[in-house]
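Structure at a glance
Residues per chain, in single letters:
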Amino acid sequence: MRCILVVLDGLGDRGYIRFQGRTPLEVAATPYLDRIASLGMNGLYHALEQGVPLPSEIAHFLMFGYELDGFPGRGILEAIGEGIEVEPGDVVFLARLLPVTMKGDLAILADGSSRIAQEAVEILAGSVKRFESEGLKGELIITRGLQGFFRVRGGASHAVTDSNPIQEGRPIMEISPLEKARHDPDALRTARFLNAYHRWAMKRLARHRVNRRLEREGCLPINAVALQRPGRLCRPRPFSKRWGLRGLSISSSSIFWGLGRMLGMDFVRVSDGPDPCQDLEDRISRAYYQAREYDFIHVHTKVIDAAAHTKMPVRKKDVIERVDKAFEGLVRHFMYDDEVLWVITSDHSTPSSGTMIHSGETVPITMLGRYVRRDRVNAFNEVDCAQGALGMIKGRELMQLVLNFLDRAKLKGLMDAPWDQPYTPGPYIPLKAG
Ligand SMILES: [Zn+2]
């Protein structure tokens, strides 16, 4: 048996007055997802704990059964996913060029965006590309739009805070060592180096001819760099050893390609076309027909999360309805194959109103397969699924349940390998009897 996990990114949401207190998923017409829920076992899921808003990369790391302490950092995952050259010991941040306005000596993130040609972005980024100080070497690598990476070489620490304030109207933040690293010389040096880089970059960008031209044209200048979510290469136990399952990820996001690399899972780089339903339908078919040699296949779509970020609940509802049609093949054909355990859920909630980026509510989960208990839930959403037989599950319980329904979970207490792996058979050493 194998498991196909379909993750509808950012599916969970809040109740809104315009929907009489219901969520976009509750009001969306989702006949296929509802059909799957009616035949499966349903519940609620949170990859960490209720109330904690999670970004996709941390949610997936936890969902794949790893501990938060071992999370390598989003910067490094995206970088290796996008094929940026990284060496052991490098620290990689997500970097962004952005417009700021000076208030005294504070650089406040400006309200609005600048229409600027990619060529001009490259010229600006080129002027602040390399910086050396404190024995460290930094390099800014812009990959799309105003976004990219800042790679630090020479013994930097990733135990430092972000500088990107994210929200407009807030100042670029000074970088400090994390509490746990406040006496660590590398963290202190890294923070000094990065703060110096920010000041140097702001000075250079402020007087750059491209920015002078933007200002003359009445546009916001792109006059600061901000960093966030640093990470470095690390070696978590490979997914195949952690869970005894050969894993594959099918997605269009570089963070999952990077996560695949880091966890030793194979991955397929698909791209997003104009029709999100067709994209997901293709990914589900591909997982079903072309991935028979894998035990665990992760299928992902980010279109619902993207719709939620536009802060229009009705748009999110519409996208959910389109995505629902991608499950037609599953309902008509694939779900009759009892060699497959289907798990349909989300990584986190993305509120389609308000100021929060993501929010900490649970998401619905449905499991459909040979041994699951069929409950009385008939609709796939955050409220109906709460009545289901799965109840509330958290974190790595999801992978443990997957092992369980694939008939591969080890009876606790049996020790066929030294590290008490959750699956059976373990990588035991046969006794030489001769
Ligand atoms: Zn999001």
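Residues numbered from 1 in each chain as written. Predicted model: local features only at pLDDT ≥ 70, side-chain atom pairs only at ≥ 80, totals over all residues.

Structural notes on the domain arrangement of the protein
According to the domain assignment, the protein contains domain 1 (2–69 + 238–405) and domain 2 (79–231). With centres defined by C-alpha atoms, the gap from domain 1 to domain 2 works out at 34 Å. Each partner contributes residues to the interface: domain 1 has six residues there, and domain 2 has four residues. A class-by-class count of the residues in the side of domain 1 that touches domain 2 yields three nonpolar, two polar and one charged. (Domains from an automatic or database assignment. Contact = placed C-beta atoms within 7 Å. Nonpolar A, V, L, I, M, F, W, Y, C, P; charged D, E, K, R; others polar.)

Regarding unusual backbone geometry
The peptide bond linking Thr424 to Pro425 adopts the cis configuration, its omega dihedral lying at 0°. Within the secondary structure, Pro425 is located in the segment after α14 (397–405). At Lys311, a residue that is not glycine, the phi angle is positive and equals roughly 60°. In this structure, Lys311 sits in the loop between α11 (303–309) and α12 (313–324). For Lys311, a count of 14 C-beta atoms within 10 Å corresponds to the partly exposed category. Although it is not a glycine, Asp407 sits at a positive phi angle of roughly 65°. By the element assignment, Asp407 lies in the segment after α14. When the 11 C-beta atoms within 10 Å are taken as the criterion, Asp407 is described as exposed. (Helix = DSSP H or I, 4+ residues; strand = E, 2+ residues; numbered from the N terminus. Buried ≥ 20, exposed ≤ 12 C-beta atoms within 10 Å, placed from the backbone.)

With respect to the environment of Leu411
Along the chain, the position of Leu411 falls in the segment after α14. Leu411 gets classed as exposed once you count the C-beta atoms within 10 Å, which come to 6. Between the alpha carbons of Leu411 and Thr424 there is a distance of 8.3 Å; along the sequence they are 13 residues apart.

Considering the sheet that holds strand β12 (residues 296–301)
Ordered in space as β11-β10-β12-β1-β13-β14-β2-β15, the eight strands form an open sheet in which the pairing is mixed. A single partner strand is all that each edge strand has here, and the edge strands are β11 (266–269) and β15 (391–394). Each adjacent strand pair in this sheet contributes to an overall mean axis angle of 20°, direction not counted. The sheet contact formed by strand β1 (residues 2–8) and strand β13 (residues 340–345) spans six bridges and is parallel. Within β13, the residue paired with Val7 across the bridge is Thr345. In the packing of α14 onto the sheet, the strands contacted are β1, β2 (41–46), β12, β13, β14 (363–368) and β15, and the crossing angle to β15 comes to about 110°. (Pairing = 2+ DSSP bridges. Axes fitted to C-alpha atoms, helices over the stretch in contact; angles between N-to-C directions.)

A closer look at the pairing of strand β3 (residues 91–98)
Taking burial as the measure, the eight residues of β3 include eight buried ones, the bulk of the element. Here β3 shows two buried faces, one formed by Val91, Phe93, Ala95 and Leu97 and the other by Val92, Leu94, Arg96 and Leu98. Sheet topology places β3 next to strand β8 (residues 147–153); six bridges connect them, and they run antiparallel. Across the sheet, Arg96 pairs through a bridge with Gln147, a residue of β8.

Structural notes on the nonpolar core
Side chains of nonpolar character tend, in soluble globular proteins, to be buried together. Counting residues in hydrophobic clusters, the biggest one holds 117 residues, and the most contacted among them are Ile4, Ala224, Val225, Val299, Ile304, Val343 and Val402. Mapping this core onto the domain boundaries places at least three of its residues in each of domain 1 (2–69 + 238–405) and domain 2 (79–231). Discounting residues that sit within four places of it in the chain, Val343 has contacts with Cys3, Leu5, Ile365, Met367 and Val402. (Core = buried A, V, L, I, M, F, W, Y, C linked by C-beta atoms within 7 Å.)

Details of helix α10 (residues 276–290)
The end-to-end C-alpha distance of α10 is 20 Å, a good match for the 21 Å that 15 residues give at a rise of 1.5 Å each. Within α10, the full set of buried residues consists of Pro276, Asp279, Leu280, Arg283, Ile284, Ala287 and Tyr288. Relative to the axis of α10, the buried residues are bounded by an arc of 165° and lie together on one face. Considering only its buried residues, α10 is in contact with β1, β10 (247–251), β12, α11, α12 and α13 (328–332). (Expected span 1.5 Å × (residues − 1). Arc of directions from axis to C-beta.)

What about the sheet that holds strand β7 (residues 136–144)?
Across the sheet, which stays open at both edges, the five strands sit in the order β6-β7-β8-β3-β9 with antiparallel pairing between neighbours. The outermost strands of the open sheet, each flanked by one partner alone, are β6 (130–133) and β9 (224–231). Mean inter-strand twist for the sheet, computed between neighbouring axes without regard to direction, equals 25°. Taken together, the six bridges between β3 and β9 define a ladder with antiparallel strand orientation. When the sheet's bridge partners are listed, Val92 is paired in β9 with Gly231. Each of β6, β7, β8 and β9 is contacted by helix α6 (residues 185–206), which is oriented at about 155° to β9, the strand it contacts most.

So, the packing of α10 against α12
As a packed pair, α10 and α12 sit with axes 8 Å apart at the nearest point and diverge in direction by 40°. The angle between the axes of α10 and α12 places the two elements in the oblique class. Where α10 crosses over α12, the two elements pack in a sense that is right-handed. For the pair α10 and α12, the contacting residues are Pro276, Cys277 and Leu280 in the first and Val319, Arg322 and Val323 in the second. (Parallel < 35°, antiparallel > 145°, perpendicular 65-115°, else oblique. Left-handed = near helix turned anticlockwise from the far one by under 90°.)

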